[in-house]
Amino acid sequence: VDRSDEQLRVVSTSQGSEVLQCSVPLSPETEVPCNHWSLYIATVARRLSQNFGKLMGCDVAIAGDLPPASGMSTSSALICAMFMVLDARNGLKKLPRFQESFKTE
């Protein structure tokens, strides 16, 4: 769900019945927590803000059945999913700066 501010709010039901939540500012200065699942979300928020400036936020719900820390790339999947969400919200792939970074010939 689109937000009118620069917050990325994520709710996860991926770990059984426990509902996990985090809210991360879309800012180049976003602090990345250690040893917490939200570090992947914060990393994406900080990197995209550093690369593309002001981003609009959204509320996201995620779910999955892969066990955490199972060696099945759940962290990579979460990072890719957060990029896809922020791209859909902010049109990152349409920006000249993005397109120049991924030229193919």
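Preceding block: the structure.
The notes below deal with the structure included here. Keep in mind it's a predicted model, so treat the numbers as computed, not measured. (Residues numbered from 1 in each chain as written. Predicted model: local features only at pLDDT ≥ 70, side-chain atom pairs only at ≥ 80, totals over all residues. Heavy atoms only, no water.)

So, the pattern of salt bridges
Line of reasoning, step 1. For the coordinates displayed, the defined rule picks out six salt bridges.
Line of reasoning, step 2. The partner of Arg-89 in a salt bridge is Asp-2, with the nearest N and O atoms 3.5 Å apart. Taken together, the positions of Arg-89 in helix H2 (residues 74–90) and Asp-2 in the segment before strand E1 (7–15) put the pair 87 residues apart, joining distant regions of the chain.
Line of reasoning, step 3. Asp-2 sits in the exposed class, given a relative accessible area of 56%.
Line of reasoning, step 4. For the salt bridge of Lys-93 with Asp-87, the shortest nitrogen-to-oxygen distance reads 3.9 Å.
Line of reasoning, step 5. The exposure class of Lys-93 is partly exposed, given its relative accessible area of 45%.
Line of reasoning, step 6. Taking relative accessible area as the criterion, Asp-87 reaches 13% and is therefore assigned buried.
Line of reasoning, step 7. Salt bridges sharing partners connect three or more residues here, namely Arg-3, Asp-5, Arg-9 and Asp-59. (Salt bridge = Lys/Arg side-chain N within 4 Å of Asp/Glu carboxyl O. Helix = DSSP H or I, 4+ residues; strand = E, 2+ residues; numbered from the N terminus. Buried < 20%, exposed > 50% of the residue type's maximum accessible area, 1.4 Å probe, protein only.)

Quick notes on H2
Line of reasoning, step 1. Given a rise of 1.5 Å per residue, 17 residues ought to cover 24 Å, and the 24 Å separating the end C-alpha atoms of H2 matches this to within 8%.
Line of reasoning, step 2. Among all positions of H2, only Leu-78, Met-82, Leu-86 and Asp-87 are buried.
Line of reasoning, step 3. One or two residues past the end of H2 sits Gly-91, with phi positive at roughly 65 degrees. (Expected span 1.5 Å × (residues − 1).)

Quick look at the side chain of Arg-3
Line of reasoning, step 1. Mapped onto the elements, Arg-3 comes out in the segment before E1.
Line of reasoning, step 2. Side-chain polar atoms of Arg-3 contact the side chain of Asp-59, separated by 2.9 Å.
Line of reasoning, step 3. Look past the residues within four positions of Arg-3 in its chain and what remains in contact with it is Arg-9, Met-56, Gly-57, Cys-58, Asp-59 and Arg-89. (Polar contact = N/O pair within 3.5 Å; in protein donor to acceptor, adjacent residues only side chain to side chain. Contact = heavy atoms within 4.5 Å.)

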